[in-house]
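Residue-level structure breakdown
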Amino acid sequence: MDRLLIRGGKKLEGELRASGAKNSALKMLAAALLADGPVTISNVPHLRDITTMIELLGSLGVEVVIDEKMNVEIHANTIKSFKAPYDLVKTMRASFNVLGPMLAHYGQAEVSLPGGCAIGPRPVDQHLQGLAALGAIIEMNEGYVKATVNGRLQGAHILFDMCTVGGTEHIMMTATLAEGTTILENCAREPEIVDLANCLNAMGADVQGAGTGTITINGVPSLHGCAHRVIADRVETGTYLIAAAATGGRVKIRDANPEHLEALLSKLREAGAEITSGADWIELDMHDKRPKSVSLVTAPYPAFPTDLQAQIIALNCIAEGTGTIKETIFENRFMHVHEMNRMGARIRLEGNNTTAIVEGVPRLTGAPVMANDLRASVSLVIAGLVAEGDTVVDRIYHIDRGYEQVEEKLQNLGADIRRVASN
Ligand code: EPU
């Protein structure tokens, strides 16, 4: 298992390019199962989660061709099996999203239930209720969901009980091949949902309203192949902006979309950063200053994303003043807090572990640390960058799930960081 060794105290300075969005690309790989012709997705990040999804498609017999630039071409019509096995689904929840597309296109699908994960129980009830409303016959057997349909799925009016990104995407893509019109209400509005809708429309679907609370899908009998470029990863972009701010540095991120990061950019300005941006770049300059603490509540887009909560706590650890961070999306997303406290941070959890009160200290001290989720792990890297001395971040396979070339990108910004294989 690899580790990252970080010697803290270097200011991050320089430029980097944002990778394609993991959470868009994953859903598009699943959506490719809807098409009769080849679907080519470009700007796909080279990440472990993407490899897992490609492996899952391969296990179904689907031919996937990848070139050296990570253009991924999926030929769904080569499918031979309709069963997504536990071994692959358990390692990544997004793989559950192949259920609806397989069902809508081929009338049958069997996918393992994903189960819990490190950040909370994360049920899939909204996915299953949505599929049932479209006419799927659903049976549960030995940890698998088996879905079938007689003929085509039927358009329906569906009101989600809660704002769910994966649920909105799953039902939106499935309904593209249903007969008639589907109206989805109380939808999540994340940019990745808009990106997926654009990809579906390029395949010949008729999806309107993605990015708002109501999405209308006029079903079509079949979808064709298409070529689509994935949007920039706003969480990766945000992570590097926070890292630069925490170190008092300056960074310019190219191929990024500032419109997708308004909640973060306004918090970083509050922390004392100067931010300038253009259509596809963002520049942050902290002018060598110590950040000021910020307070925030995570909530569905366009509010502050849960996927940047751990990173902003790392910034608050060494900021001036006290910040209050409330997590409202996931139940168990403060694992980094205990590790940061081991590095000398002063964080206490309140409100049944839903709120972190972070009292800033002038500096952290390096320590061996680890976490068992992606964003918590990367937040420990940021803590290591601002700590005095050496930090070893263990279990970094979590980081490799969501950050492309993390140490190269940080080294290019001047960080003292390297990867070592542990015995
Ligand atoms: N929920 C239910 N029932 C459902 C679906 C969701 O109760 O059927 C609950 C969840 O347990 C959670 C809340 O609703 O408490 C929101 O979950 P959501 O469905 O929105 O999350 P997701 O689709 O499972 C995606 C991202 C996450 C990101 C969340 C929130 C992907 C692959 N994952 O998860 O990304 O945190 O939306 O924005 O798109 C990450 O990249 O590190 C990551 C965890």
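Scope of this entry: the structure provided in the associated data block. (Residues numbered from 1 in each chain as written. Predicted model: local features only at pLDDT ≥ 70, side-chain atom pairs only at ≥ 80, totals over all residues. Heavy atoms only, no water.)

1. Observations regarding the overall build of the protein
A count of helices and strands for the protein gives 14 helices and 26 strands. Structurally, the protein occupies a C-alpha span of about 65 × 45 × 45 Å along its principal axes. Per-residue burial over the protein gives 57% buried out of 423 residues. Sequence separation of 24 or more characterises 72% of the internal contacts of the protein that already satisfy a separation of 6 or more. Surface summary for the protein: the accessible area is close to 16,100 Å², and the carbon and sulfur share equals 47%. (Helix = DSSP H or I, 4+ residues; strand = E, 2+ residues; numbered from the N terminus. Buried < 20%, exposed > 50% of the residue type's maximum accessible area, 1.4 Å probe, protein only. Contact = heavy atoms within 4.5 Å. Areas by Shrake-Rupley, 256 points an atom, 1.4 Å probe, with all protein chains shown as cover.)

2. Considering the packing of helix α11 (residues 335–342) against helix α12 (residues 374–385)
Orientation of α11 relative to α12, taken along the N-to-C sense of each, is 25 degrees, at an axis distance of 9 Å. Accordingly, the angle class assigned to the pair α11 and α12 is roughly parallel. Between α11 and α12 lies a crossing whose hand is right-handed. In this structure, α11 contributes His336, Glu339 and Met340 to the contact, and α12 contributes Ala376, Ser379, Leu380 and Ala383. Considering only residue class, the contact of α11 with α12 consists of four nonpolar, two polar and one charged. (Axes fitted to C-alpha atoms, helices over the stretch in contact; angles between N-to-C directions. Parallel < 35°, antiparallel > 145°, perpendicular 65-115°, else oblique. Left-handed = near helix turned anticlockwise from the far one by under 90°. Nonpolar A, V, L, I, M, F, W, Y, C, P; charged D, E, K, R; others polar.)

3. A few points about the layout of surface pockets
Approximately 330 Å³ is the volume found for the second largest pocket. For the second largest pocket, the lining is made up of 21 residues, of which Ser19, Pro45, His46, Glu404 and Gln405 are closest to its centre. In terms of residues, the lining of the second largest pocket owes the most to one element, helix α14 (residues 406–412), which gives four residues. A class-by-class count of the residues in the lining of the second largest pocket yields six nonpolar, six polar and nine charged. (1 Å grid on protein atoms, 1.4 Å probe; cavity = no way out; pocket = protein on both sides within 12 Å on 5 of 7 lines; lining within 4 Å. Points joined across faces, edges and corners; volume = space filled by probe spheres on them.)

4. Some remarks on the side chain of His260
Relative to the helices and strands, His260 is located in the loop between β15 (250–254) and α9 (262–270). Residue His260 is classed as buried on the basis of its relative accessible area, which comes to 17%. Not counting chain neighbours up to four residues away, the residues in contact with His260 comprise Pro191, Ile231, Arg234 and Tyr301.

5. Some points on the environment of Ala18
Note that Ala18 resides in the loop between β2 (13–17) and α1 (22–31). For the pair formed by Ala18 and Asn257, sequence separation is 239 residues and the distance between their alpha carbons is 9.2 Å. With near-sequence residues (within four places) excluded, Ala18 lies in contact with Ala232, Glu236, Thr237, Ile253, Arg254, Asp255, Ala256 and Lys409.

6. So, the pattern of salt bridges
Tallied over the entire structure, the rule returns 23 salt bridges. For Arg234, the salt bridge is made with Glu192, and the minimal N-O distance between the two is 2.8 Å. Here Glu192 lies in helix α7 (residues 191–202) and Arg234 lies in helix α8 (residues 234–246), a separation of 42 residues in the sequence. Here Arg234 and Glu192 have matching classes, each one buried. Note that Glu270 is salt-bridged to Lys267, the shortest N-O span being 3.1 Å. Note that Glu270 and Lys267 are positioned in helix α9 at a spacing of three residues, about one turn of the helix. (Salt bridge = Lys/Arg side-chain N within 4 Å of Asp/Glu carboxyl O.)

7. So, α11
The set of residues buried in α11 consists of Met335, His336, Val337, Glu339 and Met340. Contacts made by the buried residues of α11 are with α10 (309–317), β20 (346–350), β21 (355–359), β23 (368–370) and α12. Where α11 terminates, the next one or two residues include Gly344, which has phi positive at roughly 100 degrees.

8. Some words on the sheet that holds β23
Here we have four strands laid out as an open sheet, ordered β23-β25-β1-β26, and mixed in their pairing. With partners counted over all chains shown, the strands left at the sheet margins are β23 and β26 (416–421), one partner each. The mean inter-strand angle of the sheet, taken between neighbouring strand axes irrespective of direction, is 25 degrees. Where β23 meets strand β25 (residues 390–394), three bridges bridge the pair, whose relative direction is parallel. Residue pairing for β25: Pro368 is matched across the bridge by Val392. (Pairing = 2+ DSSP bridges.)

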